[in-house]
Amino acid sequence: MRTLRRAINPRNSQAVALASSGLIAAVAALWIAGGSLNAQNGSHPGAPGVPYGNMSAIAPIGVGIDKYFDVPESAKGPAIDPAKGYRTEKLGDGVYMISEGVNQSMFMVYEDGVVVIDAPPTYAARIPKAIAEVTDKPITHLVYSHAHSDHIGGAKALGGRPIIIAHVETNRRLARQNDPNRPLATVTFDDTYRLSVGSQVLELSYHGNAHLPGNIFIYAPKQRVLMVVDLIFPGWMPWRRLADAQDVPAYFEQVKKISDWDFHTLIGGHVARTGTRADVATQLAFMEDLSAAADRALKQTKPGEGLNPADRPNPWALYDHYIDRVALDCVNQLTRKWSSKLAAFDVFIWDQCYSMEQTLRIE
Ligand SMILES: [Zn+2]
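Each value, and the rule that gives it
- Residues numbered from 1 in each chain as written.
- Predicted model: local features only at pLDDT ≥ 70, side-chain atom pairs only at ≥ 80, totals over all residues.
- Buried ≥ 20, exposed ≤ 12 C-beta atoms within 10 Å, placed from the backbone.
- Helix = DSSP H or I, 4+ residues; strand = E, 2+ residues; numbered from the N terminus.
- Pairing = 2+ DSSP bridges.
- Axes fitted to C-alpha atoms, helices over the stretch in contact; angles between N-to-C directions.

Residues V114 and V116 line one face of strand 4 (residues 114-117) and the alternating positions V115 and I117 line the opposite face, and both faces are buried. By the bridge criterion, four bridges tie strand 3 (residues 104-109) to strand 4 in an arrangement that is antiparallel. The partner of F107 across the bridge, within strand 4, is V116. Here strand 3 hands over to strand 4 after four residues, the two strands then running antiparallel side by side.

A word on the sheet that holds strand 4. Read across the open sheet, the seven strands follow the order 1-2-3-4-5-6-7; overall the sheet is mixed. Edge positions in the open sheet fall to strand 1 (87-92) and strand 7 (187-189), since each of these has one partner strand only. Strand-to-strand twist of the sheet, defined as the mean angle between neighbouring strand axes without regard to direction, takes the value 20 degrees. Relative to strand 3, strand 2 (residues 95-99) is paired through five bridges, and the arrangement is antiparallel. Bridged to S99 within strand 3 is Q104.

Turning next to the pairing of strand 10 (residues 216-220). Summarising burial for strand 10: five of the five residues are buried, a large majority. Alternating positions in strand 10 separate into two faces, I216, I218 and A220 on one and F217 and Y219 on the other, with burial throughout. In this sheet, strand 10 lies alongside strand 9 (residues 200-206) in antiparallel orientation, the contact comprising four bridges. Residue pairing for strand 10: Y206 is matched across the bridge by I216. Pairing of strand 10 with strand 11 (residues 225-228) involves four bridges; the strand directions are antiparallel. Note that in strand 11 the partner of A220 across the bridge is V225.

A few words on unusual backbone geometry. Among all residues save glycine, negative phi is the norm, and among peptide bonds the norm is trans. Despite not being glycine, R224 has its phi angle at roughly 55 degrees, a positive value. Tracing the sequence through the fold places R224 in the loop between strand 10 and strand 11. If you check the backbone angles, A243 has positive phi at about 55 degrees while not being a glycine. Summarising the element assignment, A243 is placed in helix 6 (residues 240-244). The class of A243 is buried, set by 23 C-beta atoms lying within 10 Å.

Written out as structure tokens, the structure reads:
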């Protein structure tokens, strides 16, 4: 068996002899099972090789981690009563944030009812209870920030038959998904929508695709509360790949737009606390550093350097090897300054560098 395994290395001339002697089926089976061993170093094609030079101490994607970095205090929100499973925070006249520690939504109380903005499935069924702690008025309206199920998948569980308001693109996506937990909006808009109920106002506006087509800005002007979901992560590293932004350059533009907005408190849709202007400035500074680091890494990394010469004719392998080293250079440039400033830097920094290098290389 050992002899056979060694023999199927394509660089070993015995492979040809074995194949021609009728053993080709057995050889192929072993090849598929990953049983091919490299005669020189005992590894097989596709196995991990020697780490890249100057390898980061932060494990790359796909490598198991014994213990992630501790979450700094500044990133933790106020404690949540485990018996309730959520907390409510008043942000201004009639405007409240609700969170179970990972997701966030909002509600606004007016003279005759309550407007709910988003219904995360993790706690949507408890939103009526949270509202009942501050008013006995019914839910009359539900606004969708965007179509993603982690933010509105609890719409049905909210109960009642509120008027549902969303961007037209959100409804188009929801119609395609046909998810009974995310009923279609009954009112849609293209650019802006002003919801005026009693003495309360909510301004909805669309600024194009960045995270997802149809993702809107929700602004309570009197309270100076801005809710924009999946763009800003107060105290934390953005979710992987710049929060899965569909359009990374537009994501940068919208974060800049938020930093220029007249708001006091930001609801970002995730993490355990609300955001401040300083949180937005910090995230923008990180993103600018990320862009500069990836740009520098692309310029100073040479394609093919250190690649196994046998893989040179394989363009996919050439680029995988190049992109890995670009991302590594990017991670190394950012680690000293940012690893203690943003919670979960270690969890997603490799993803951010891969996302950024791709944007700069091909956008
Ligand atoms: Zn989303």
